[in-house]
Amino acid sequence: MSSNHPHITPLKTYFAVFATLIVGTWLTYWVAYKDFGWLNTPVAMAIAIVKAGVVVLYFMHVKWQSKLTMMFAAGGFIWLFTLFAFTLQDYWTRDWMPIYK
Amino acid sequence: MSSTVATPAAEPRTNYLNVDYGWKSWVFSTDHKRIAIMYLITIAFMILVGGSFAILVRLELATPAGDLLQSETYNKIFTMHGVVMVFFFLIPGVPAVLGNFLVPIMIGAKDLAFPKINLLSYYVFLVGILLTLTAAAMGGIDTGWTFYTPYSSTYSNGQVALAAVAVFITGFSSILTGLNFVVTIHKMRAPGMTWFRMPLFIWAHYATSLIILLSTPVVAITIVLVALERLFHVGVFDPTYGGDPVLFQHMFWFYSHPAVYIMILPAMGVISELISAFSKKRVFGYPVVAFSSLAIAVIGFFVWGHHMFVTGQSTYAGVVFSVITMLVAVPSAIKVFNWVSTMYKGDVWMTTPMCFAIAFIGLFTVGGLTGIFLGTMGLDIHMHDTYFVVAHFHYVMVGGMVTAFWGGLHFWWPKMFGRMYPENMGRVSAAIIFIGFNMTFFPQFILGYMGMPRRYHFYPEEWQVLNLLSTAGATLLGIGYLLPMVYLPWSLKFGKVASKNPWGAKGLEWETDSPPTTFNFDKVPVVTEEAYAYPEGARHQPEAKVV
Ligand SMILES: [Cu+2]
């Protein structure tokens, strides 16, 4: 148990992450007023994913953790993806059968 | 205290029970064993609460007319029965009581990795109970334990928001327990306790903890969305606000199907221990049984749509969910076959726990196989929302999980309290439970197949005989459950003092005192052999048999 040396992150990194998040928020606001057609949601999601990733890696210290911790952190997101995928396989296939038209 | 209390022949060593008698030493205890006992008492109380709701349901259904309860009241009663039993007994039953007590001991640790979080999980659980009982007292909920929208989010007049908050909070109690188990099993195993030397009880709890961690947050969020929609009309599930009620079912069953594995996997872990100990044999195909727990945990995540065959889900999605549902039967069947193979040519000793274990195998098999019926898309259209479904999940949950819970509680009772329970009383109650259970729920398969829908308080007269049979069986079942609730506490004072290892079983928990000391072992145990390392052709010792 005593082999866990807490990683000390320099303040500089925290400020850099903070700046990234602020820029990301501003970017989200900016793209909300542009029309990219069907890309609207993917663009907003991409910015959000980058922001969440930075928070998880730096603020939550996953970047300096063991492989096992990274696996568990990734596992949560993989499972979230399966929730979306298997829910959408219903929504996206509803018009395959004439009964739903 | 009276001064005439008889003292046992030998002065007992200091253990986790007699180390301190002050009430503070209990309510602020971070000892996993004491927390397990607090959970046991709380859960026993919830069984009585949920059981009394069940009695009301069966009394109402004794006659075809809806005469005992108004239909609104009846809706509230079966909802409370479901909510209390699912969230406050079936889910925490084995992990929070037996798991809390045994996981650290079985892997040779002093305690769980986060003892304070363990205590926190208990108090979070208690808050959840208080809120649920408050919701019941303030008018109750009538949505069913499934909280289906848009009824729950828009139309129901009950205390849905309060009950939703209660379930949300209770979810965190299981998340904390699951987190504790995962970290403990990864980090705190004694020297020599490799992954493939762990008892199957530990494997089952590991798989269960993964499910808890990955799925419980989803139901928490879902239930918050219901409350938000109800209170602030945020459009998520209600079409009038632009939502979709089927989305609720997706999100709800993403948790609640895996939740049935949260209920049954730890029970299966218990059964592996019982079958091995009382057959004096290593569990047949140990690694396969271990991996089948993980397989159930993973595959069980992708079958949730089998609850939605008739609720507007696409036919394509239905086919996919149906096929994966058939797949999840494979690891469950592996377990059943391997338990039976373990007993084959073993020295089977029919103690109370073994009676429960064998009852489990039969009842779980019936429950599991009828699940295949319901997972078949075409057949489900006929049986959806009938008593067939009710019978199916009671066979798995009550016949499975509850039977295993009693079996495990009897098996480890001498370890937990240092006293033997009365063996013959135990066997009698196991027999009464088995007969009462089948009498209660087998008629419901027939009723359901004939088309009797669930959740109605009246029915056509021609179904009265089967319903009466079911009510009579429930009475028997109730007596069967009450018996251990009387003789187990009785045995705390009057039971025979238990030795370290009354069953002659393998496992670290049988190498420490009964009851164990606060830190479980005098010195850190070193594991040098496989789990269940019974020698070839081992027989129970005659002196052990005289229990
Ligand atoms: Cu299911």
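All values derive from a computational prediction rather than experimental measurement.

## Remarks on the overall build of chain A
Secondary structure assignment for chain A yields three helices and zero strands. Ordered by position from the N terminus, the helices and strands of chain A form the series α-α-α. The globule rule puts the C-alpha radius of gyration for 101 residues at 13 Å, and the 19 Å found for chain A is more than 25% above it. The C-alpha extent of chain A, read off along each of the three principal axes, is 65 × 40 × 10 Å. For chain A, the residues scored as buried account for 20% of the 101 residues in total. In chain A, 50% of the contacts between residues at least 6 apart in sequence involve partners at least 24 apart. By element, 75% of the accessible surface of chain A is carried by carbon and sulfur atoms, the whole surface being about 7800 Å².

## Considerations on the domain arrangement of chain A
Residue and element names in this part refer to chain A. Entries for chain A in the domain assignment read domain 1 (8-64) and domain 2 (65-101). Relative to domain 2, the C-alpha centre of domain 1 lies at a distance of 22 Å. Interface of domain 1 and domain 2: buried area, both sides summed, is about 390 Å²; carbon and sulfur atoms make up 67% of it. For domain 1, the biggest contributors to the area lost against domain 2 are Val-56, Val-62 and Trp-64; these three give 74% of the whole. One can count zero salt bridges joining domain 1 with domain 2. Linking domain 1 with domain 2 are two residue pairs in polar contact (both at pLDDT 80 or more).

## Here we look at the interface of chain B and chain A
With 24 residues of chain B at the contact, the number on the chain A side is 18 residues. Where chain B abuts chain A, roughly 1900 Å² becomes buried across the two surfaces, and 73% of that area is made up of carbon and sulfur atoms. Summed over the three residues of chain B that lose the most area to chain A, namely B:Leu214, B:Phe302 and B:Tyr316, the buried surface amounts to 24% of that side. Our count for the contact surface shared by chain B and chain A stands at zero salt bridges. Between the two partners, chain B and chain A, sit six residue pairs in polar contact (both at pLDDT 80 or more). Only helix H6 (160-187), helix H7 (200-232), helix H8 (245-279) and helix H10 (315-343) of chain B provide two or more residues apiece to the side of chain B that touches chain A. Taken together, the residues of the side of chain B that touches chain A break down into 16 nonpolar, six polar and two charged.

## A few points about helix H3 (residues 71-106) of chain B
All names here are of chain B. Along its 36 residues, H3 runs 49 Å from first to last C-alpha, staying within 8% of the 52 Å computed at 1.5 Å per residue. Of all the bends in H3, the largest measures some 65 degrees and sits at Pro-92. Of all 36 residues in H3, 31 are buried, a share of seventy percent or more. Within two residues after H3, Gly-108 carries a phi angle of roughly 75 degrees, on the positive side.

## Considerations on the packing of aromatic side chains
Pairs of aromatic rings are described using the distance from one ring centre to the other and the angle between the two planes. According to the stated counting rule, one finds 55 aromatic pairs over all chains in the structure shown. Relative to B:Phe437, the ring of B:Tyr395 has its centre 4.7 Å away and its plane inclined at 75 degrees; by these criteria the two rings are edge-to-face. Of this pair, B:Tyr395 sits in helix H13 (residues 387-417) while B:Phe437 sits in helix H14 (residues 423-450), placing them 42 residues apart in sequence. As far as the burial class goes, B:Tyr395 and B:Phe437 line up, both buried. Among the aromatic residues, those joined into a cluster by ring pairs are B:Phe201, B:Phe278, B:Trp349, B:Phe411, B:Trp412, B:Tyr421, B:Trp503 and B:Trp510. Above the ring of A:Tyr91, the side-chain terminus of A:Arg94 is found at 4.3 Å from the ring centroid. Residue placement shows B:Arg34 over the ring face of B:Trp26; its charged tip is 4.2 Å from the ring centre.

## Brief notes about unusual backbone geometry
In this structure, the amide linkage connecting B:Thr149 to the following residue, B:Pro150, adopts the cis form with an omega of 0 degrees. The omega torsion of the bond from B:Ser514 to B:Pro515 falls at -10 degrees, within 30 degrees of zero and hence cis. Examined against the element boundaries, B:Pro515 turns out to sit in the loop between helix H15 (464-494) and helix H16 (542-545). In this model, A:His61 sits at a positive phi of 65 degrees, which is unusual for a non-glycine residue. Along the chain, the position of A:His61 falls in the loop between helix H2 (40-59) and helix H3 (67-91).

## Some thoughts on the nonpolar core
Residue and element names in this part refer to chain B. Phe-201 and Phe-360 are the most contacted members of the largest nonpolar core, which has 173 residues in total. Considering each element in turn, this core owes the most residues, 22 residues, to H3. Residues contacting Phe-201, with those up to four places away along its chain left out, are Val-94, Leu-98, Gly-99, Leu-102, Val-103, Met-106, Gly-269, Val-270, Glu-273, Trp-412 and Tyr-532.

## What about the packing of H14(B) against H15(B)?
Residue and element names in this part refer to chain B. For the pair H14 and H15, the least separation of the axes is 8 Å and the interaxial angle reads 155 degrees. With respect to their mutual orientation, H14 and H15 come out roughly antiparallel. H14 and H15 meet at a crossing whose hand is left-handed. For the contact of H14 with H15, the residue count by class is 21 nonpolar, nine polar and no charged.

## Considering the packing of H8(B) against helix H11 (residues 352-375) of chain B
Residue and element names in this part refer to chain B. One way to put it is that H8 packs onto H11 with a least axis distance of 9 Å and a crossing angle of 130 degrees. With respect to each other, H8 and H11 are oriented oblique. For the pair H8 and H11, the sense of crossing is left-handed. Where H8 abuts H11, its residues Ile-264, Ala-267, Met-268, Ile-271, Leu-274, Ile-275, Phe-278 and Ser-279 lie against Pro-353, Met-354, Ala-357, Phe-360, Ile-361 and Phe-364. Tallied by class, residues from the contact of H8 with H11 come to 13 nonpolar, one polar and no charged.

Calculation criteria
Residue indices begin from 1 for each chain and proceed along its sequence in written order. Throughout, the order in which chains and ligands are written sets their labels, letters from A for the former and numbers from 1 for the latter. Thresholds applied to this predicted model are a pLDDT of at least 70 for local features of residues and 80 or more for the giving and counting of side-chain atom pairs; totals over whole chains, interfaces and linings are not thresholded and use all residues. Note that water and hydrogens are dropped before the side-chain values are worked out from all heavy atoms of the structure. Segments assigned H or I by DSSP are reported as helices when at least four residues long, segments assigned E as strands when at least two residues long, and all are numbered from the N terminus. Radius of gyration means the value over C-alpha atoms here, while the globule rule gives 2.2 Å times the residue count to the 0.38 power. Accessibility here uses a 1.4 Å probe with only protein chains present; expressed as a share of the type maximum, an area under 20% marks a residue as buried, one over 50% as exposed, and anything in between as partly exposed. In this description, contact between two residues means that some pair of their heavy atoms is separated by no more than 4.5 Å. Here the accessible surface of atoms and residues is derived via Shrake-Rupley with a 1.4 Å probe, and residues count as covered only by protein chains that are part of the display. In this document the domain limits rely on a domain assignment from an automatic tool or a database. In this description, buried area is defined as the sum, over both parts, of the accessible area (probe of 1.4 Å) that is lost when the two are combined. A side-chain nitrogen of Lys or Arg and a carboxyl oxygen of Asp or Glu constitute a salt bridge if their distance falls within 4 Å. Residues adjacent in sequence count toward polar contacts only when both atoms are side-chain atoms; beyond that, a polar contact is any pair of N or O atoms within 3.5 Å, and within protein one must be able to donate a hydrogen and the other to accept it. When residues are grouped by polarity, Ala, Val, Leu, Ile, Met, Phe, Trp, Tyr, Cys and Pro land in nonpolar, Asp, Glu, Lys and Arg in charged, and all others, Gly among them, in polar. Take the number of residues in a helix, subtract one, and multiply by 1.5 Å to get its expected span. Here the bend at a residue is taken as the angle between two axes, fitted respectively to the seven residues that end there and the seven that start there. Each pair of aromatic rings taken from Phe, Tyr and Trp, with Trp reduced to its six-membered ring, is defined by centres within 6.5 Å and is described as stacked if the planes are under 30 degrees apart, edge-to-face if over 60, and tilted in the remaining cases. The criterion is that NZ of a Lys, or CZ of an Arg, lies within 6 Å of the ring centre and within 35 degrees of the ring normal, and then a charge sits over that ring. Put simply, a nonpolar core is a bunch of buried Ala, Val, Leu, Ile, Met, Phe, Trp, Tyr and Cys residues held in one set by side-chain atoms that sit within 4.5 Å of each other. For helices, the axis comes from a line fit to the C-alpha atoms of the stretch in contact; other axes are also lines fit to C-alpha atoms, and the angle between any two N-to-C directions lies between 0 and 180 degrees. Should an angle fall under 35 degrees it is taken as roughly parallel, and over 145 as roughly antiparallel, whereas 65 to 115 is taken as roughly perpendicular and any remaining angle as oblique. By definition, any crossing whose near helix is turned counterclockwise from its far helix by less than a right angle is left-handed, and any crossing with a clockwise turn is right-handed.

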